[in-house]
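Coordinate analysis (summary)
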Amino acid sequence: MGSNVSTEQERSQAELKSQAELRSEAELRSQAELRSQAELIFQTQLKILAELKSQAVLKFLAEQEQCQTEKCYDPRDSTLTFVDREDELDFLCEGFKSRRALMSCGHAVTPTSLTKWCRRLLDEGESRFTCGQSGCDVEWPYSEVRKMALLTPEEMEYFEETSASNAMKHYFDAKSCPGCRSSLVRKETSNLSVHCTVCTANRGRVYEFCWQCLREWKGPAPRSDRCENDGCCNEPLKVLKNCPDIIFQSVTGVTGCPSIRACPTCGSLVQHDTTGCKNVVCIQCRKEFCFVCLKLTEDCLKTSSYYIPCSGGVAPRQTSIPVWKKE
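Cut-offs applied
- Residues numbered from 1 in each chain as written.
- Predicted model: local features only at pLDDT ≥ 70, side-chain atom pairs only at ≥ 80, totals over all residues.
- Heavy atoms only, no water.
- Core = buried A, V, L, I, M, F, W, Y, C linked by side-chain atoms within 4.5 Å.
- Buried < 20%, exposed > 50% of the residue type's maximum accessible area, 1.4 Å probe, protein only.
- Helix = DSSP H or I, 4+ residues; strand = E, 2+ residues; numbered from the N terminus.
- Contact = heavy atoms within 4.5 Å.
- Phe/Tyr/Trp six-rings, centres within 6.5 Å; stacked < 30°, edge-to-face > 60°.
- Lys NZ or Arg CZ within 6 Å of the ring centre and 35° of its normal.
- Pairing = 2+ DSSP bridges.
- Polar contact = N/O pair within 3.5 Å; in protein donor to acceptor, adjacent residues only side chain to side chain.
- Disulfide = S-S within 2.5 Å.
- Salt bridge = Lys/Arg side-chain N within 4 Å of Asp/Glu carboxyl O.
- Expected span 1.5 Å × (residues − 1).
- Patch = residues over 30% accessible without salt bridge, like charges linked within 9 Å, V, L, I, M, F, W, Y side chains within 5 Å.
- Areas by Shrake-Rupley, 256 points an atom, 1.4 Å probe, with all protein chains shown as cover.
- Lys, Arg positive; Asp, Glu negative; His and termini not counted.
- Charge placed at Lys NZ, Arg CZ, Asp CG, Glu CD.

**A few points about the nonpolar core**
Core analysis: the biggest nonpolar cluster contains 21 residues, and Leu114, Cys118 and Trp140 have the highest contact counts within it. Listed by contribution, the elements that provide at least two residues to this core are helix H2 (111-123) and helix H3 (142-148). Per-element accounting of this core gives the leading share, five residues, to H2. Each residue touching Trp140, except ones within four places of it in the same chain, is listed here: Leu89, Met103, Ser104, Cys105, Leu114, Trp117, Cys118, Phe129, Thr130, Cys131, Gly132 and Val145. In terms of nonpolar packing, the next biggest core, distinct from the first, is built from 20 residues, Cys257, Val280, Cys290 and Leu294 among them.

**Some details on the packing of aromatic side chains**
Tallied over the full model, the rule gives six aromatic pairs. Here a set of aromatic residues connected by ring pairs shows up, and it is made of Phe129, Tyr142, Tyr158 and Phe159. We note Arg99 situated over the ring of Phe82; from NZ or CZ to the ring centre the distance is 5.6 Å.

**Structural notes on the environment of Ser190**
Summarising the element assignment, Ser190 is placed in the loop between strand E7 (183-185) and strand E8 (193-195). Residues Ser190 and Arg223, spaced 33 residues apart in sequence, show a C-alpha to C-alpha distance of 7.4 Å. If we skip the residues at most four places from it in the chain, Ser190 touches Arg223 and Ser224.

**So, the sheet that holds strand E2 (residues 100-102)**
Ordered by their spatial adjacency, three strands build an open sheet running E1-E2-E3, and the pairing between neighbours is antiparallel. Either end of the sheet is taken by a strand with one partner, and the two such strands are strand E1 (82-83) and strand E3 (108-109).

**Points about unusual backbone geometry**
Of all residues except glycine, most have a negative phi; of all peptide bonds, most are trans. Here the amide bond leading from Ala221 into Pro222 is cis, since omega sits at 5 degrees, within 30 degrees of zero. Tracing the chain through its elements places Pro222 in the loop between strand E9 (208-210) and helix H6 (235-242). With a phi angle near 70 degrees, Arg286 is a residue other than glycine that sits in the positive phi range. Its place among the elements puts Arg286 in the loop between strand E12 (279-281) and strand E13 (288-290). Its relative accessible area of 61% is what places Arg286 among the exposed residues.

**Details of the side chain of Thr200**
Take Thr200: it is sitting in helix H5 (residues 197-203). At 3.0 Å, the side chain of Thr200 and the backbone nitrogen of Tyr207 are in polar contact. Thr200 has contacts with His195, Arg205, Val206 and Tyr207, leaving out every residue within four places of it along the chain.

**A few points about the state of the cysteines**
Overall, the coordinates contain zero disulfides when judged by the stated rule. Unpaired in terms of disulfides, Cys263 finds its nearest cysteine sulfur in Cys285, a separation of 3.6 Å.

**Some remarks on the pattern of salt bridges**
Within the structure shown, the criterion is met by ten salt bridges. For Asp245, the salt bridge goes to Arg317, with nearest N and O atoms at 3.0 Å. You can see Asp245 sitting in the loop between H6 and strand E10 (260-262) and its partner Arg317 sitting in the segment after helix H7 (297-300), a full 72 residues away along the chain. On the basis of relative accessible area, Arg317 is assigned to the partly exposed category, the value being 32%. Lys302 is the salt-bridge partner of Asp299, the closest N and O atoms lying 3.4 Å from each other. Since its relative accessible area comes to 31%, Asp299 is described here as partly exposed. Overall, Lys302 belongs to the exposed group, its relative accessible area being 66%. Here the salt bridges share partners, and the residues they tie into one network are Arg223, Asp225 and Glu228.

**Some remarks on H2**
A rise of 1.5 Å per residue sets the reference length of H2, with its 13 residues, at 18 Å; its end C-alpha atoms lie 18 Å apart and thus fit the reference within 8%. Regarding H2, the residues found buried are Pro111, Thr112, Ser113, Leu114, Thr115, Trp117, Cys118, Leu121 and Leu122.

**Describing a negative patch on the surface**
Among the surface-exposed residues, Glu154, Glu157, Glu160 and Glu161 lie close enough to one another that they form a single negatively charged patch. In this structure, Glu154 sits in helix H4 (residues 153-172). The exposure class of Glu154 is exposed, given its relative accessible area of 56%.

**Looking at the environment of Pro141**
Relative to the elements of secondary structure, Pro141 occurs in the loop between strand E5 (139-140) and H3. Residue Pro141 is classed as partly exposed on the basis of its relative accessible area of 43%. Sequence-wise, Pro141 and Phe129 are twelve residues apart; in three dimensions their C-alpha atoms are separated by 7.1 Å.

Written out as structure tokens, the structure is:
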């Protein structure tokens, strides 16, 4: 009897032990699976981090490469005021990569957009650097442009030479001698033949060139219409002579008025777009004049108004170009 009980107890204990071992093995397998899953998650995260790092490196390298092909500000330059704004001189939406920095007028630029804008001003004959934003007429000193545009030595040479040349042309009606490229101012505005002392000294003979066609003078002098070089003609006068008449949309009773006029103040050619009143503002000298009678607006309005014919009628086609006598 006692032997049977003992055997039963041993069997029960063996079963319990077996169940415990099974549970232990199951727990071990579960833990192994969890470790395996954790390892898989960890490896996946490492791959993701590696990919992100790789993308960041590629982006950085791309930006560095971009900055090698376009000028970029040094982010460590404490003299610049960096802002997180649009490039306000990137008129063609080229998307320059450099950080944006503030000009003295408060507008944000990149060195490349600033360089392009200032070069455009020079190519249009300007000698001063002004902001290109609408309503902002701030003039930047060249020292600021040179710094903010990160001008190269070649760009500085071009900017300085072109600015000086444009200033000479603007303020002194100067042109470059075709023989020696020195700037000359015409003393007699009615004579197209201009004497160059530099070329005369270098060549050992009198050297004169035509102010109109910029070739060595040919034929008798003085003359005010042309020299005897083939093709020498006054193109502005040719335009004034041959341009069609204008039909104003808002000014009634005006006929026979040329569509292009020479500004009575500076001589620049101005074209009316047929809309609005009869007065225009010259982009060269900023003077406002009447397109019909060619008087300055303040004088025209003494006997007329913006949308009616002038009291003196239509001024005839111009046969000479006014010379700007700057004050």
